[in-house]
Amino acid sequence: MIAYNTKDWLKYIFFFHKSDTIRKLFPLIITISLLTWGVAYIELEYLRLTETSNLRNLNIMHTLLSVVISMLLVFRTNTAYERWWEARKLWGSLVNNSRNLAIKLHAILHEDDAHNRSFIGQCIGLYASALATHLHSEASRLELDEYEHPELASLDEQKHIPNQIAAILFNRINKLYKEGKITGDQLIILNGELLSFAEICGACERIKNTPIPLSYSAFLKKFIFIYSLALPFSLVFSLGYLAIPVVAFIFYVLTSLELIAEEIEDPFGADENDLPTHKIAANIKKQVAEIL
Amino acid sequence: MIAYNTKDWLKYIFFFHKSDTIRKLFPLIITISLLTWGVAYIELEYLRLTETSNLRNLNIMHTLLSVVISMLLVFRTNTAYERWWEARKLWGSLVNNSRNLAIKLHAILHEDDAHNRSFIGQCIGLYASALATHLHSEASRLELDEYEHPELASLDEQKHIPNQIAAILFNRINKLYKEGKITGDQLIILNGELLSFAEICGACERIKNTPIPLSYSAFLKKFIFIYSLALPFSLVFSLGYLAIPVVAFIFYVLTSLELIAEEIEDPFGADENDLPTHKIAANIKKQVAEIL
Amino acid sequence: MIAYNTKDWLKYIFFFHKSDTIRKLFPLIITISLLTWGVAYIELEYLRLTETSNLRNLNIMHTLLSVVISMLLVFRTNTAYERWWEARKLWGSLVNNSRNLAIKLHAILHEDDAHNRSFIGQCIGLYASALATHLHSEASRLELDEYEHPELASLDEQKHIPNQIAAILFNRINKLYKEGKITGDQLIILNGELLSFAEICGACERIKNTPIPLSYSAFLKKFIFIYSLALPFSLVFSLGYLAIPVVAFIFYVLTSLELIAEEIEDPFGADENDLPTHKIAANIKKQVAEIL
Amino acid sequence: MIAYNTKDWLKYIFFFHKSDTIRKLFPLIITISLLTWGVAYIELEYLRLTETSNLRNLNIMHTLLSVVISMLLVFRTNTAYERWWEARKLWGSLVNNSRNLAIKLHAILHEDDAHNRSFIGQCIGLYASALATHLHSEASRLELDEYEHPELASLDEQKHIPNQIAAILFNRINKLYKEGKITGDQLIILNGELLSFAEICGACERIKNTPIPLSYSAFLKKFIFIYSLALPFSLVFSLGYLAIPVVAFIFYVLTSLELIAEEIEDPFGADENDLPTHKIAANIKKQVAEIL
Amino acid sequence: MIAYNTKDWLKYIFFFHKSDTIRKLFPLIITISLLTWGVAYIELEYLRLTETSNLRNLNIMHTLLSVVISMLLVFRTNTAYERWWEARKLWGSLVNNSRNLAIKLHAILHEDDAHNRSFIGQCIGLYASALATHLHSEASRLELDEYEHPELASLDEQKHIPNQIAAILFNRINKLYKEGKITGDQLIILNGELLSFAEICGACERIKNTPIPLSYSAFLKKFIFIYSLALPFSLVFSLGYLAIPVVAFIFYVLTSLELIAEEIEDPFGADENDLPTHKIAANIKKQVAEIL
């Protein structure tokens, strides 16, 4: 993730970062420009279609549909952004919980109890990095898929690592409680943080393994495809060869929105804008070590 | 549910998955295309309506209403998506709670207490699958219907299975508390998970048995129907026979949105995109068995 | 409430349920059709206004305002739907809490303590039906009105029934705690459910006694009224007598949205789509009796 | 606040309540009508601008901007409504908490302990009315202003009244706990309600002292002003003197939305639609007295 | 932050506050006006393009894209506003928690225990101001950046100040618990407030160090830039020199929305509309000192 300066216009208008949609769309924009040129050539030079051709009015279709496609794409991007932001919130909670648990156990455990302090400190730090690794694995993404994935079968054998760590952590806390090193009241106030580890893990898994419904996504792709493909026919009449940049620009705007949505809706992938979970996990490890 | 790759455009533009709206709409799209052809034939070849015919201006109506119908349908799909996503969250919570309860009881119960461990482990696993079955039943969908359903009467006799399991589970926990195997402090920290089972069940039942208000849904269907039926009359003048694919495409876009909404607003049905509750329940069973 | 099948198109396009907005709007649609006929007759046959009349361009106004009126109405309906859905959630919580309280007390109370079991079971069941009755009363709706309501004075004398039942219930629980039949830890885990009764009641009262601000609602009605009244003048020029069905249809769409909003924004009334609170209360009573 | 009947159309179309935006906007509507008349007179009778004047096409600007201004105003009104509704929810919570605290203490305190009962009952009732007064004061609104307010200096000396009452209340509860009149378990279950008083107060203060950012509000006012002022120039060509009512109506719609937003975004003022906090406080006092 | 009067129209239409977008945009508005003049001069006086030039129809592009750009910008501003409002809520919670903690400890600690009272009072006050300072630092903004920041390395050495204070505070509370000055029940009811400090800190850090995804922001800037640059070419034909103010106004509206979003999306900067965190911290210090 890049902590860019949002007020820097020049840089982001004229500079094409590697996650910029223009880079990814470049071949397609060239293709649709050539297509528009071809349509213009045929309609204007070859067929010499007259003013009264019905094709001229095809832009009625684009006008009637422009509100639907605009709203769909803006909502699509917003829904993807909300998933991304929810994932960021979850990792923020992981930071808070790790900190709070460390602060509390630092106060509760006896000053000389270096053994338990370092054990628990390591567990907390390990949980975050194990979760980061778990969420980037292909097996997590396909967990609920309706097809069998024999290629992932060996992974399936393995147990769920973050769960294991959470279980070890709770086990240790409970052992300390039984030994009287933690009182009942202290156990109760530690509960919230202990709970939240599994809750955060579950919520991240949900975002990872549940894309938006396939029928919705497939419909949107078909809609953009047909809408864009019909644009040259509709605009060449009114704009002549000027239609080439116009079609290219409209196509760039519409598909960029869909591309951005696809990039951010799975925040645990390897895209440029995905969450820096390994970096956050390293921060957690550092902060917990500072405290405990 | 299908864990598809959202970045795969070619596949979802040219491939028609069985949940694709084009498949379901195919007969209707053919029908409205034929209708448009008929209207075009009569207006252009038979009646030879002149340029000055008032019918020419009918697209004023479609223009004035295009914002309303677009917004209504996009909001409709979003509301349906939110129901679907809420249901996914609830089942995510069920996973978390089941895990947490297993992790806690694993630590709290005596290592040798295989009897209680396996009993509780089975209860937790059973709850998820009982809930999945309960939510797919017709009786759950019709629970609040204002009409009598004599055909479901025999089912009504049965008690509410998930409730029964939750009661058995709480009973056992409380018994362990009375026997001193669980301390008061431990009982308090188990409370959150025990509570949440019934809360998740209730929230899923709400989504299942409460569709959007009938008057809203009926209005939307009538609106789409009349709007689409008037399209050929409005577009044939400007587009001639070209109106046939245009009407078909607009019709496809509008009704697809409504169809997608209908498919996902009840996430516990048997549609392609419905939640894989039985699969999640199986995962819960497996994970709980791993832990306890 | 009707648990209709949302995928049944034919039935809801051609069948007019008693809550259908077409039924309610029928007289108004006839009126505005006659008005449009009158305007058409006067403009076209009597005044024979020429093409250059400024009235011809009146549809600029409708075009400029079509986005505002569309968004306002769609947001209006959505806000009303959210109130309705919030109310549904609250009654869902009431179901969950009642169940959970019953499950817990079933486990906590001694098996032979039939007296307390039945007393508490009745209280829980009674609360739901008392709340349903309370929310349907006119006094609840007018609680915060700035005018005096002498006609409701006698009701005001009465105490708040759901509050009374909640107080009796908490009293009994506290008595059992003092008698040692409920331990302190158990009292703590019962607290959440006991709290929530009054919270649900308060939230439902808020929805009941606080309509959307009067100035907003009055503005919307005036806006729809003037917009619709100007439609015939604007459309008769372009559409001639064809304007009659067009105006009727646009009027039907716009006012339907407002009518639906009005129907569902108070979910505790006697409208067709209002929540079946008495039915839910009966379900609660049945389920609690099953458990305790 | 007025508990009006939302289904009463006639009354709210033809009756102008004192909070109706038409009343407030009347002078401005007259002004803009006169301005439009002036523009029409000059353009049509004096300058006799020809059909080919560029002014004719000024409505392109209004068309391009109509979506932005519509969305901005509708979102503005919705944001204001959400503030108003959040404030309503907070006062609803105050009612619930006051009730619950009274119900609990009624059960916990000894029946004969009239002294503590009446003391606590009075505190709860007093808190609500002190908060209502606090929120209506000018000092609360300007608390975070970046300018000094010497005219409010004397008020600043005073301590924060609701805080004082909350402190007294908690002090008494804690004293009862120390005296053994409230057990530790009971103290824990009273904590939620005691906490919430300060939370509600803080949230209401936030709504009161934080308007939407100045740059946003100032931009919106400038936008509406210029957009409306350009309307006569744009519409007189197409509509002639008919532009007078059209401009007046469009102006009425746009500014009404902003006016309604301004009225409801501070729900603790003295506007017609502001929340009846003193009335709610009186209800709380009455209900608490009934219970304790 | 300025606690302005939202109903004061005249002042905010004709007065240009230093955070007004017109001030910031002034040079750009002049530039685009000159550009439009140049385009008008060349097209009209030099090239004398005829009516039939295809450039005339370029406004089709602006019409088709006007909905997308409007929705994107309005959603952008709303998302930024939600971040700003969330930050305001977090600081509101900090106020509430500080107050509540002070009220509770005031009651719990022995009246003569001036030492602990003042120590804890200072900690609470210090936390708020340390957090304010922490959030304004450049190191916080760049915490998750993927590039190295050697210039901030010395800061990185320092420990996390707010965390340190929270740890000291919890340490003291736990020490008082061990010494028996705070009972177990009291420890439990203090837990919520102690937790929330780190939660508020983490949530503010999230808002500070996570801007909206770069690809989204870069796309939006490119979109606005190209859209605006094409406006003169599209409008000069229809409007002649009148296009100069029209282009300037449309440009002002669109870029203002983006500028406002940029200003408020990081609420912890030094912009005019950023949150007065130091002022709130001072209020907390004052109120806590009043109570303890």
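Residues numbered from 1 in each chain as written. Chains lettered and ligands numbered in written order. Predicted model: local features only at pLDDT ≥ 70, side-chain atom pairs only at ≥ 80, totals over all residues. Heavy atoms only, no water.

Visitor: Quick question: what am I supposed to make of the relation of the copies chain D and chain C here?
Guide: Copies of the same chain, two in number, are related to each other by a rotation about an axis and a translation along it. Expressed as a screw transformation, the operator carrying chain D onto chain C has a rotation angle of 72° and an axial translation of 0.0 Å, and the superposed copies differ by an RMSD of 0.0 Å. Expressed as a symmetry operation, the mapping of one chain copy onto the other fits a five-fold axis. The C-alpha atom lying nearest the rotation axis in chain D is that of Val 67 of chain D; the distance is 5.4 Å. Comparing interface residues between copies, only 9% of those in chain D also sit at the interface in chain C, which points to a heterologous contact through distinct surfaces. (Least-squares fit on C-alpha atoms with pLDDT ≥ 70 in both. Contact = heavy atoms within 4.5 Å.)

Visitor: Even after reading the chapter, I still don't get the relation of the copies chain A and chain B, so can you show me in this structure?
Guide: Once chain A has been moved 0.0 Å along the axis and rotated by 72°, it coincides with chain B to within an RMSD of 0.0 Å. With a heterologous cut-off of 20% or less, the 9% of interface residues of chain A that recur at the interface of chain B puts this contact in the heterologous class.

Visitor: I keep staring at the environment of Ala 132 of chain B and nothing clicks. Help me out?
Guide: All names here are of chain B. Within the fold, Ala 132 resides in helix α4 (residues 114-136). Its relative accessible area of 0% is what places Ala 132 among the buried residues. Taking the C-alpha atoms as reference, Ala 132 lies 9.5 Å from Lys 279; in sequence the two are 147 residues apart. In contact with Ala 132, not counting residues within four places along its chain, are Trp 91, Thr 277 and His 278. (Helix = DSSP H or I, 4+ residues; strand = E, 2+ residues; numbered from the N terminus. Buried < 20%, exposed > 50% of the residue type's maximum accessible area, 1.4 Å probe, protein only.)

Visitor: Which parts of the structure should I look at to understand helix α8 (residues 184-209) of chain C?
Guide: Note: α-helices contain 3.6 residues per turn, so residues at a spacing of three or four share the same orientation. All names here are of chain C. Taking 1.5 Å per residue, 26 residues should reach 38 Å; α8 reaches 38 Å between its end C-alpha atoms and fits that length. The sharpest bend along α8 comes to roughly 35°, located at Leu 190. Counting buried positions over the 26 residues of α8 gives 24, a clear majority of the element. (Expected span 1.5 Å × (residues − 1). Bend = angle between axes of the 7 residues up to and from the residue.)

Visitor: Any chance you could explain the environment of Glu 82 of chain B here in plain terms?
Guide: Take Glu 82 of chain B: it is sitting in helix α3 (residues 59-108). Along the primary structure Glu 82 of chain B and Glu 265 of chain B are separated by 183 residues, whereas in three dimensions their C-alpha atoms are 8.2 Å apart.

Visitor: What am I meant to see in the pattern of salt bridges here?
Guide: Where side chains of opposite charge bring their charged atoms close, a pairing between them can arise. Following the criterion strictly, the structure yields 55 salt bridges over all chains and no others. For Arg 76 of chain E, the salt bridge identified is with Glu 265 of chain E, shortest N-O distance 3.0 Å. Taken together, the residues span a long stretch of sequence, with Arg 76 of chain E in helix α3 (residues 59-108) and Glu 265 of chain E in helix α10 (residues 243-265) at a distance of 189 residues. Close ionic contact of Asp 266 of chain E with Lys 208 of chain E constitutes a salt bridge, the shortest N to O distance being 3.3 Å. A residue pair is termed long-range when its members are at least 10 positions apart, and Asp 266 of chain E in the loop between α10 and α11 (277-291) and Lys 208 of chain E in helix α8 (residues 184-209) qualify at 58 residues. Salt bridges sharing common partners tie together Arg 76, Lys 221, Glu 258, Glu 262 and Glu 265 of chain A. (Salt bridge = Lys/Arg side-chain N within 4 Å of Asp/Glu carboxyl O.)

Visitor: Please clarify how the interface of chain D and chain C should be interpreted in this entry.
Guide: When the parts come together, some accessible area is lost, and that loss is often what is quoted as the size of the interface. Taken residue by residue, the interface counts 78 residues in chain D and 75 residues in chain C. Both sides of the chain D and chain C interface together cover about 6900 Å² of buried area, and 66% of this is carbon and sulfur. Per-residue buried area on chain D facing chain C is highest for Tyr 4, Trp 9 and Phe 249 of chain D; these three make up 10% of the total on that side. Across the chain D-chain C interface, the total number found is 1 salt bridge. Taking the shortest distance from any N to any O, the salt bridge between Glu 205 of chain C and Arg 99 of chain D comes out at 2.7 Å. On inspection of chain D and its partner chain C, the count reaches 15 residue pairs in polar contact (both at pLDDT 80 or more). (Buried area = accessible area lost by both parts, 1.4 Å probe. Polar contact = N/O pair within 3.5 Å; in protein donor to acceptor, adjacent residues only side chain to side chain.)

Visitor: Quick question: what am I supposed to make of the interface of chain A and chain B here?
Guide: Tallying the contact residues gives 75 residues for chain A and 78 residues for chain B. Carbon and sulfur atoms supply 65% of the area that chain A and chain B bury against each other, a total of about 7000 Å² over both sides. Along the contact surface separating chain A from chain B lie 1 salt bridge. For the pair chain A and chain B, the interface holds 16 residue pairs in polar contact (both at pLDDT 80 or more). Elements that contribute at least two residues to the side of chain A that touches chain B include exactly α3 (59-108), α7 (161-178), α8 (184-209), α9 (214-239) and α10 (243-265) of chain A. For the side of chain A that touches chain B, the class distribution of residues is 38 nonpolar, 16 polar and 21 charged. (Nonpolar A, V, L, I, M, F, W, Y, C, P; charged D, E, K, R; others polar.)

Visitor: So what exactly am I meant to see when it comes to the UniProt feature "transmembrane region" (unreviewed entry) in chain A here?
Guide: Residue and element names in this part refer to chain A. The sites that UniProt annotates as "transmembrane region" (unreviewed entry) are residues 21-40, 60-79 and 224-254. In residues 21-40, helix accounts for 100% and strand for 0%; the two terminal C-alpha atoms are 27 Å from one another. Across residues 60-79, helical content stands at 100% and strand content at 0%; the span's end C-alpha atoms are separated by 29 Å. (UniProt positions renumbered as here; feature names shortened; annotations may be inferred.)

Visitor: Sorry, what's going on with the nonpolar core here?
Guide: Within soluble globular proteins, side chains that are nonpolar tend to cluster in buried spots. Core analysis: the largest hydrophobic core is formed by 534 residues, its most contacted members being Trp 91 of chain B, Trp 91 of chain C together with Trp 91 of chain D. Both domains that meet at this core, namely domain 1 (18-48 + 213-265) and domain 2 (89-211 + 270-292) of chain B, each give it at least three residues. Contact partners of Trp 91 of chain B, with chain neighbours within four places excluded, come to Ala 128, Leu 131, Ala 132, Leu 135, Cys 204, Phe 268, Thr 277, Ile 280 and Ala 281 of chain B. (Core = buried A, V, L, I, M, F, W, Y, C linked by side-chain atoms within 4.5 Å. Domains from an automatic or database assignment.)

Visitor: Help me understand the packing of aromatic side chains, please; the structure alone is not making it clear to me.
Guide: To describe a pair of aromatic rings, you give the distance between the ring centres and the angle between the ring planes. A full pass over the atoms with the stated rule returns 55 aromatic pairs over all chains. Through a chain of ring-to-ring contacts, the aromatic side chains of Phe 75 of chain A, Phe 75 of chain B, Phe 75 of chain C, Phe 75 of chain D together with Phe 75 of chain E assemble into a single cluster. Sitting over the face of the ring of Phe 119 of chain B, Arg 172 of chain B holds its NZ or CZ atom 3.8 Å from the ring centroid. (Phe/Tyr/Trp six-rings, centres within 6.5 Å; stacked < 30°, edge-to-face > 60°. Lys NZ or Arg CZ within 6 Å of the ring centre and 35° of its normal.)

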